[in-house]
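If you want the building blocks of each chain, they are given just below.
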Amino acid sequence: MYGYSGKILHIDLTTRKTWVESKPEEWYKIYIGGVSMASRLCWENIEVGCDPLSPGNPICIANGIFAGTPVPVGGKYGLASKSPLTGFIGDSLCGSWFTIALKRAGWDGIVIHGASDEWVYVFVDDDRVEFRDASQLLGLGTYETEEAIREELGDDQVRSATIGPAGEKLVRIANVTNDGRQAGRTGHGAVWGSKKLKAVSVRGTHGVTVADPDALLKLSFDIVEAAQGPHTQKYRVLGTVANVLNMNRLGLLPTRNYQDGVFEYAELVSGEYLHDHYNVKTIACAQCPIACEQMS
Ligand code: SF4
């Protein structure tokens, strides 16, 4: 099998045991990766009828199939659990270095079961898993947590997905953050907080095997060329908020939790306004030539 390791890592925070699950090629053909695979893992591992903030709700992480390859915008992972915000399945897509590290560590995904008695962070060091005390990280924001873990492990290549104070306090809209990117939907931060899980940190030192490296490289260059053309210009200049005014004109701008589709102050949160008044710099997720992130 190319592009996958064929292995899912299971971690139980209650018993502090880990095990490896092998999946057949047919399974990968159906669930592929990212949100689809994470949602399937949630379906397979959840305790039916569980409270979203109980140990029976698993945290499921699945790499996108192109994470760690040259394919542009392919550095993505899906995160799924039962949502404490909606009570239904909650999935979120996030990108950048964390998923690349996980792929290089030899895992297609991780399922985290149970709940810890004490605050921990889990360090996945290729095929070795360590449960580490996180009490000294409590109260830190997500960026500070990532830095503190790198400092503690003495390796600036370690990548971490973390929660901040909101997740620790079980706020139901809390994010999970890595490398400045957010798995921002459906309250995953609260699920992690309910398990006393401050972070998942990964060091991956292997390569990713693909079937035809030359063909993939050529296709990737073609995509990079297209991705830097006129179709993505508005994202490169204004970011995804480039769409705010258009959506508002169409009556489709989610306003006050979709009670309305038109926002009277849309101009003030539009890409154009933010660009003119607050733009500080433009950055990109790992593995992305578009760079849509406009920092204000
Ligand atoms: S920088 Fe923007 S376009 Fe590129 S992967 Fe990240 S979110 Fe997507």
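What you see is a predicted model; the values in this text were computed from it and never measured. (Residues numbered from 1 in each chain as written. Predicted model: local features only at pLDDT ≥ 70, side-chain atom pairs only at ≥ 80, totals over all residues. Heavy atoms only, no water.)

> Which parts of the structure should I look at to understand the domain arrangement of the protein?
Interface size is often expressed as the accessible area that is lost when the parts come together. Examined at the domain level, the protein breaks down into domain 1 (7-203) and domain 2 (228-295). Averaged C-alpha coordinates put domain 1 and domain 2 at centres separated by 28 Å. In this complex, domain 1 contributes 15 residues to the contact, which on the side of domain 2 involves seven residues. For the pairing of domain 1 and domain 2, the buried interface totals around 710 Å² over both sides, and the portion due to carbon and sulfur atoms is 56%. Among the residues domain 1 hides against domain 2, the three largest losses belong to Val-73, Ser-96 and Arg-181. Together they make up 55% of the total. On inspection of domain 1 and its partner domain 2, the count reaches one salt bridge. (Domains from an automatic or database assignment. Contact = heavy atoms within 4.5 Å. Buried area = accessible area lost by both parts, 1.4 Å probe. Salt bridge = Lys/Arg side-chain N within 4 Å of Asp/Glu carboxyl O.)

> So what exactly am I meant to see when it comes to the sheet that holds strand β4 (residues 76-82) here?
Each strand in a sheet pairs with another by means of backbone hydrogen bonds, the pair being arranged parallel or else antiparallel. Pairing in this open sheet of six strands is mixed, and the strands run β2-β1-β6-β3-β4-β5 from one edge to the other. Two strands lie at the open edges of the sheet, namely β2 (17-22) and β5 (89-95), each paired on one side alone. Within this sheet the neighbouring strands show an average axis-to-axis angle of 15 degrees, counted without direction. Sheet analysis places strand β1 (residues 7-12) next to strand β6 (residues 109-113), joined by five bridges and oriented parallel. Paired with His-10 across the two strands is Val-111, which belongs to β6. Sheet strands in contact with helix α2 (residues 34-45) are β1, β2, β3 (59-63), β4, β5 and β6, and its direction is about 30 degrees off that of β4. Seen against the sheet, helix α3 (residues 97-104) touches β3, β4, β5 and β6 and runs at an angle of roughly 80 degrees to β3. (Pairing = 2+ DSSP bridges. Helix = DSSP H or I, 4+ residues; strand = E, 2+ residues; numbered from the N terminus. Axes fitted to C-alpha atoms, helices over the stretch in contact; angles between N-to-C directions.)

> Got a minute to help me understand the environment of Gly-74 in this structure?
Among the structural elements, Gly-74 can be located in the loop between β3 and β4. Separated by 214 residues in the primary sequence, Gly-74 and Cys-288 place their C-alpha atoms 7.6 Å from one another. Apart from residues no more than four positions distant in its own chain, Gly-74 is found in contact with Phe-66, Ala-67 and Gln-287.

> Even after reading the chapter, I still don't get unusual backbone geometry, so can you show me in this structure?
One non-glycine residue with positive phi stands out, namely Thr-186, at about 70 degrees. Residue position: Thr-186 is located in the loop between β11 (181-183) and α6 (188-194). Non-glycine residue Arg-256 carries a positive phi angle of around 50 degrees. Following the sequence through the fold, Arg-256 ends up in the loop between α9 (244-249) and α10 (271-278).

> What's the story with the site of the ligand in this structure? I'm lost.
Taken together, Val-73, Lys-76, Arg-181, Ala-284, Cys-285, Cys-288, Ala-291, Cys-292 and Glu-293 make up the full set of residues near the ligand. Its residues placed into classes, the shell around the ligand shows six nonpolar, no polar and three charged. Both domains that furnish three or more residues to the shell around the ligand are identified here as domain 1 (7-203) and domain 2 (228-295). (Near = heavy atom within 4 Å. Nonpolar A, V, L, I, M, F, W, Y, C, P; charged D, E, K, R; others polar.)

> Whenever I open this one, the pattern of salt bridges confuses me. Can you help?
Where side chains of opposite charge bring their charged atoms close, a pairing between them can arise. In this structure the tally under the stated criterion is 17 salt bridges. Linking Arg-128 and Glu-130 is a salt bridge whose minimum nitrogen-to-oxygen distance equals 3.0 Å. Note on Arg-128: relative accessible area 40%, which makes it partly exposed. The class for Glu-130 is partly exposed, based on a relative accessible area of 22%. For Arg-132, the salt bridge goes to Glu-152, with nearest N and O atoms at 3.0 Å. Taken together, the residues Arg-132 in strand β8 (residues 128-133) and Glu-152 in helix α4 (residues 142-153) connect sequence positions 20 residues apart. (Buried < 20%, exposed > 50% of the residue type's maximum accessible area, 1.4 Å probe, protein only.)

> Where do I start with the state of the cysteines in this structure?
Covalent bonding between the sulfur atoms of two cysteines defines a disulfide. Per the counting criterion, the structure on display carries zero disulfides. Looking at Cys-50, it has no disulfide partner, and the nearest cysteine sulfur is the one in Cys-42, 7.9 Å off. Cys-50 gets classed as buried once you look at its relative accessible area, which sits at 6%. (Disulfide = S-S within 2.5 Å.)

> When you look at the nonpolar core in this model, what are you seeing that I'm missing?
Buried together is how nonpolar side chains tend to be arranged in soluble globular proteins. By size, the foremost hydrophobic cluster in this structure holds 37 residues, and its most contacted members are Ile-61, Tyr-77, Ile-110, Trp-192 and Leu-197. For this core, the leading source of residues is strand β7 (residues 120-125), giving five residues. Within the second largest apolar cluster, 13 residues are counted, among which are Tyr-4, Ala-38, Leu-41 and Ala-80. (Core = buried A, V, L, I, M, F, W, Y, C linked by side-chain atoms within 4.5 Å.)

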